[in-house]
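If you want the building blocks of each chain, they are given just below.
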Amino acid sequence: RLRGKSVRKLLEERLPKKVVDILRKAGQVGSARGEEVYLVGGAVRDLLLRNHNLDIDLVIEGQGIPFARELAAQFPGCRIRGHEKFGTAVILFEDNFKIDVATARHEYYARPGALPTVETSSIKRDLFRRDFTMNTLAISLNTRTIGHLIDFFGGSRDIKERIIRVLHNLAFVEDPTRILRAVRFSSRFGFAIGKHTLNLMKAAIRMKLFDKVEGKRLLNELIHMLEEKNPLSPLTLMDGYGIPQALHPALNFTPKTMELVESTIGVLSWWKYLFMKDQIDSWSVYFLALTDNLSDGDFKSVVERFSIVGDLGRHMASERILVRQALALFARGIIEKPSEIYSVLRNLSLETLLFMMAKTMREETRMAISEYIINYRYVKPLLTGKDLIRMGYEPGPIFAPILRTLKQASLDREVLTRSEAEDLVRRIFPIKKKEADRDTISLDS
Ligand code: CTP
């Protein structure tokens, strides 16, 4: 086993104390159970790079699920969710912090006539299955060896040299989504892709290996890319290698596409600044930008390729058409009043509205959409159904147009107070005396 230098100090200094305590406890539990426990993958890579990363992945040489159960028992309010089939578990702490636990099974190879023997250590085999050398590092957590860096494949050297390297020639054949990961890591860390790795990658792209990959997995990787801090950089790299066309022949990142992506970045940071708490799917705003130059037919086909099926796919396809219609209305300059802006935009999702802001060339349109997002979409009629009943209106189909009129009046600031609202309602929707009432009166008199 390759036990290199100790990174214990780094571990203790870079990770929050709470996490260090959990890792130490994990090592103690493992040692008591006679199992080896390792911190692996992205968290180790990012520790060496001094990047923040609290995605904690543990690999246990032994039995991951019973280990996770025992570790969780040490912390009040801690639960686990195990997947027996894969020998994996997620440990969920009270404060929502979580740890992933996987099992590296001891695999015994029985030779004819001999007792079973372990061929290689299981952690080594587990790490060998991973994509790039920089992701194959592990840190031992067991009591006596805590902090030992385990580096079978030259990962720490490659991190030092800032280079992305595969472990073997079949890395991209085994999993072509690693092509997208290489691009993403290369732009995120500013690492070069090794010469041999790059050749393998280009060959994999030429060989159309993406065609064998399920749409869901491609979409998942694309989303990761679009959720990077600055997606323009991986997208530009991607384009340089001809990846868009390899994903789908209709995809074509033109300079205009890239401009649209840039303006989307601007709009999304405006959004984030204003509405930090509201969650949106920012990837779908970028997705609309990347596919803006496609015909409706090609868009449908791309959406299908990425398995964006069902409601979301249909929704994206129809909103794309609504965007064009709405932008055309704005361009004709006939939409001015807030209530008009409201009625054009009210059925569009936030993602689509943000995309429209990025796409439009007209400052007035951008302002109108931003006003809608900031103000208009929250405007409520000054009166409620209850108020109308109190005013003597009978609940029925008339309520909808009354409330709509009130909302319009509020949007356009034609009424500012409840009493003004009541006056407006009485003026536009006078209460008619019921025919039936009149009949009774006339019979009686
Ligand atoms: N992995 C792989 N091939 C893939 C996806 C993942 O070999 N197609 C391996 C990588 O070695 C990675 C590990 O599985 O270290 C965990 O994957 P993930 O959590 O997606 O990767 P991270 O490296 O942590 O990436 P990120 O920082 O984006 O979370």
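Residues numbered from 1 in each chain as written. Predicted model: local features only at pLDDT ≥ 70, side-chain atom pairs only at ≥ 80, totals over all residues. Heavy atoms only, no water.

By the assigned domains, the protein splits into domain 1 (3–156), domain 2 (162–247), domain 3 (248–378) and domain 4 (382–445). Summarising the inter-unit geometry, the C-alpha centres of domain 1 and domain 2 are found 27 Å apart. Between domain 1 and domain 2, the contact holds 15 residues from the first and 14 residues from the second. Considering only the side of domain 1, the residues that lose the most area to domain 2 are Asp131, Phe132 and Met134, jointly responsible for 49% of the buried surface there. Between domain 1 and domain 2 we count one salt bridge in total. Of the charged contacts in the structure, one is a salt bridge between Asp131 and Arg181, with a shortest N-O distance of 2.7 Å. Between the two partners, domain 1 and domain 2, sit three residue pairs in polar contact (both at pLDDT 80 or more). Sorting the residues of the side of domain 1 that touches domain 2 by element identifies helix H3 (42–48) and helix H5 (122–128) as the ones contributing at least two each. (Domains from an automatic or database assignment. Contact = heavy atoms within 4.5 Å. Buried area = accessible area lost by both parts, 1.4 Å probe. Salt bridge = Lys/Arg side-chain N within 4 Å of Asp/Glu carboxyl O. Polar contact = N/O pair within 3.5 Å; in protein donor to acceptor, adjacent residues only side chain to side chain. Helix = DSSP H or I, 4+ residues; strand = E, 2+ residues; numbered from the N terminus.)

Formed by 119 residues in total, the largest nonpolar core has its most connected members in Leu39, Leu58, Phe287, Phe306 and Ile373. Ignoring sequence-local partners within four residues, the contact set of Phe287 consists of Leu222, Leu226, Phe299, Val302, Val303, Phe306, Ile308 and Met316. (Core = buried A, V, L, I, M, F, W, Y, C linked by side-chain atoms within 4.5 Å. Buried < 20%, exposed > 50% of the residue type's maximum accessible area, 1.4 Å probe, protein only.)

A cluster of nonpolar residues, Tyr273, Leu274 and Ile374, forms a patch on the protein surface that exposes about 330 Å² of accessible area. Among the structural elements, Tyr273 can be located in helix H13 (residues 255–274). (Patch = residues over 30% accessible without salt bridge, like charges linked within 9 Å, V, L, I, M, F, W, Y side chains within 5 Å. Areas by Shrake-Rupley, 256 points an atom, 1.4 Å probe, with all protein chains shown as cover.)

Another point: the site of the ligand. Close contacts around the ligand come from 13 residues, with Arg45, Asp131, Asp175, Arg184 and Arg188 the closest. The contact in question runs from an oxygen atom of the ligand to an N or O atom on the side chain of Asp131, over 2.8 Å. Within the side chain of Asp175, one N or O atom sits 2.7 Å away from a nitrogen atom of the ligand. Relative to its unbound accessible area of 570 Å², the ligand is 74% covered by the protein chains. Taken together, the elements giving at least two residues each to the shell around the ligand come down to H3 and helix H8 (177–189). For the shell around the ligand, the element with the most residues is H8, which contributes six residues. Tallied by class, residues from the shell around the ligand come to one nonpolar, three polar and nine charged. Each of domain 1 (3–156) and domain 2 (162–247) contributes no fewer than three residues to the shell around the ligand. (Near = heavy atom within 4 Å. Nonpolar A, V, L, I, M, F, W, Y, C, P; charged D, E, K, R; others polar.)

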